[in-house]
Amino acid sequence: MKIMVLTDNEFIYNEFKEIIKDKKYNDINFEFFFSESNKLFKTKFMRDDFKSIDLKCRINELVSNYKLVLSLHCKQMFPSDLVNQIRCVNVHPGFNPYNRGWFPQVFSIINKLPTGVTIHEMDEELDHGNIIAQKKVDIFQWETAYEVYKKIQYTEIQLLKIHLRDIVDNNYKAIQPLSEGNINKEKDFNKLCEINLNKLVTFKEAIDYLRAVSFSGYKNAYFYDESGEKIFVEIKLELEKDKNNVKQCPTK
Ligand code: 0FX
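Definitions and cut-offs
Residues numbered from 1 in each chain as written. Predicted model: local features only at pLDDT ≥ 70, side-chain atom pairs only at ≥ 80, totals over all residues. Heavy atoms only, no water. Helix = DSSP H or I, 4+ residues; strand = E, 2+ residues; numbered from the N terminus. Buried < 20%, exposed > 50% of the residue type's maximum accessible area, 1.4 Å probe, protein only. Contact = heavy atoms within 4.5 Å. Areas by Shrake-Rupley, 256 points an atom, 1.4 Å probe, with all protein chains shown as cover. 1 Å grid on protein atoms, 1.4 Å probe; cavity = no way out; pocket = protein on both sides within 12 Å on 5 of 7 lines; lining within 4 Å. Points joined across faces, edges and corners; volume = space filled by probe spheres on them. Nonpolar A, V, L, I, M, F, W, Y, C, P; charged D, E, K, R; others polar. Near = heavy atom within 4 Å. Polar contact = N/O pair within 3.5 Å; in protein donor to acceptor, adjacent residues only side chain to side chain. Sits in = over half its atoms within 2 Å of the grid points. Pairing = 2+ DSSP bridges. Axes fitted to C-alpha atoms, helices over the stretch in contact; angles between N-to-C directions. UniProt positions renumbered as here; feature names shortened; annotations may be inferred. Patch = residues over 30% accessible without salt bridge, like charges linked within 9 Å, V, L, I, M, F, W, Y side chains within 5 Å. Salt bridge = Lys/Arg side-chain N within 4 Å of Asp/Glu carboxyl O.

Chemist: Looking at this structure, I do not really get the overall build of the protein. What am I missing?
Modeler: When its secondary structure is counted, the protein shows eight helices and 11 strands. For the protein, the spread of C-alpha atoms along the three principal axes comes to 75 × 45 × 40 Å. Expressed as a percentage of its 252 residues, the buried residues of the protein come to 44%. When contacts within the protein are restricted to residue pairs at least 6 apart in sequence, long-range pairs at least 24 apart make up 65% of them. Split by element, the accessible area of the protein, about 15100 Å² in all, is 52% carbon and sulfur.

If you want it as structure tokens, here you go:
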């Protein structure tokens, strides 16, 4: 059986390759692609067994070639013509139907809706189809979006390890989400990053906001000072670990 795997995420690509080394996948031919728009992957990975693809230009070919398309963090929207003709399954870094769309954990830190991982059948709407498997991920007060995302990625791999063979065999009962939930787009994240210095909030709200937009390696939240300089902001949180291990200050 031939299965198409579409991913723009290096960690998930590498972990997925490990999962399918198991002999229970010997009968499956997984073929790997990344998005045409993914310039980094083009320079880093472009080769015969990992190629770029623009889905909307290849629908007929994909429909006749594959029984299943797996989306493991993909930068392109799946065209309706594709999801309506072939089984497409998405591994989404959020707990559907809450905070569907852009960077779910960022919004969950602020609005307190659940976050986690959802594996679902794809339909025409974003992060919307029937749910095959899902798992919540806890968010602790000392975590930024970065730490939560790392846990989400780990959970994605755990869920794939458990459910991949059944997904391949179409051996599951997918369940309709309880509601439409809510959705955040890229523009909502961009808006979130603009700090309004005059907004009145509690310290808790301010800390929650800052940890939501703090992600190692990215400059997200910013404001402008009086001279028009743009200033980026992030927060560092540190959990006091083992209190018994803390060195005591010498007493005089
Ligand atoms: O793999 P992924 O989580 O994103 C991919 C696709 O690029 C994305 O379009 C799709 N919606 C998603 C399901 O799969 O990697 P990422 O690097 O785009 O984002 C990972 C995290 O990085 C995100 O949760 C928050 C953080 N981030 C990312 C960007 C681009 C930021 O904090 N700021 C940013 O500007």
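Chemist: Please explain the layout of surface pockets as it appears in this structure.
Modeler: Empty space left among the atoms is revealed by rolling a probe the size of a water molecule over them. Empty space within the largest pocket amounts to approximately 1400 Å³. Along its surface, the largest pocket is lined by 47 residues, and His-73, Cys-74, Lys-75, Trp-102 and Phe-103 are the ones closest to its centre. Mapped by element, the contributors of at least two residues to the lining of the largest pocket are helix H1 (10-19), helix H2 (39-45), strand E5 (87-92), helix H5 (104-111), helix H6 (145-168) and helix H7 (186-192). Here the second largest pocket defines a volume of roughly 490 Å³. Along the wall of the second largest pocket there are 16 residues; nearest its centre are Ile-195, Lys-199, Val-201, Ala-206 and Tyr-209. Mapped onto the lining of the second largest pocket, the elements with two or more residues apiece are H7 and helix H8 (203-212). A total of five residues in the lining of the second largest pocket trace back to one element, the largest contributor, which is H8. Split into classes, the residues belonging to the lining of the second largest pocket amount to nine nonpolar, one polar and six charged.

Chemist: I would appreciate a short explanation of the site of the ligand in the present structure.
Modeler: Close to the ligand lie Asn-9, His-73, Cys-74, Lys-75, Pro-93, Phe-103, Gln-105, Tyr-149, Phe-189, Phe-215, Tyr-218 and Asn-220, which account for all nearby residues. Take Asn-9: an N or O atom from its side chain is 2.8 Å from an oxygen atom of the ligand. Surface burial for the ligand is 77%, taken as the share of its 670 Å² of free accessible area covered by protein chains. Given that more than half its atoms are within 2 Å of the pocket grid, the ligand belongs to the largest pocket. Residue composition of the shell around the ligand, by class: seven nonpolar, four polar and one charged.

Chemist: Please clarify how the sheet that holds strand E7 (residues 116-121) should be interpreted in this entry.
Modeler: Sheet strands associate in pairs through backbone hydrogen bonding, adopting either a parallel or an antiparallel arrangement. Taken in spatial order, the seven strands line up as E3-E2-E1-E4-E5-E7-E8 in an open sheet, and their pairing is mixed. Only two strands of the sheet have a single neighbouring strand rather than two, namely strand E3 (50-53) and strand E8 (131-136). Averaged over all neighbouring strand pairs, the angle between strand axes comes to 20°, with direction disregarded. Sheet topology note: the strand E1 (residues 2-7)/strand E4 (residues 68-72) ladder contains five bridges and is parallel.

Chemist: Help me out: how do you make sense of empty space enclosed by the protein in this one?
Modeler: Scanning all chains against the criterion turns up one cavity of 30 Å³ or more. The volume enclosed by the largest cavity comes to roughly 40 Å³. Together, Asn-96, Pro-97, Arg-100, Asp-127, His-128, Gly-129, Pro-177, Ser-179 and Glu-180 line the largest cavity. Residues that form the lining of the largest cavity fall into these classes: two nonpolar, four polar and three charged.

Chemist: Just checking my understanding: could you explain the UniProt feature "domain: N-formyltransferase dimerization C-terminal" (unreviewed entry) in the protein for this structure?
Modeler: As annotated by UniProt and renumbered to match this structure, "domain: N-formyltransferase dimerization C-terminal" (unreviewed entry) occupies residues 188-238. Along residues 188-238 one finds 29% helix and 16% strand; the C-alpha atoms at either end are 28 Å apart.

Chemist: So what exactly am I meant to see when it comes to a nonpolar patch on the surface here?
Modeler: The grouping of Phe-140, Trp-142 and Leu-239 at the surface amounts to a nonpolar patch, some 260 Å² of accessible area in total. By the secondary structure assignment, Leu-239 is in the segment after strand E11 (230-233).

Chemist: What is the right way to look at the pattern of salt bridges in this model?
Modeler: Taken as a whole and judged by the stated rule, the model has 15 salt bridges. With a closest N to O distance of 2.8 Å, Glu-10 and Lys-44 form a salt bridge. Taken together, the residues Glu-10 in helix H1 and Lys-44 in helix H2 connect sequence positions 34 residues apart. On the basis of relative accessible area, Glu-10 is assigned to the partly exposed category, the value being 29%. Given a relative accessible area of 47%, Lys-44 falls into the partly exposed group. A salt bridge links Lys-204 to Asp-208; the nearest nitrogen and oxygen atoms lie 2.8 Å apart. Here the residue Lys-204 and the residue Asp-208 both occupy positions in helix H8, the gap between them amounting to four residues, near one helical turn.

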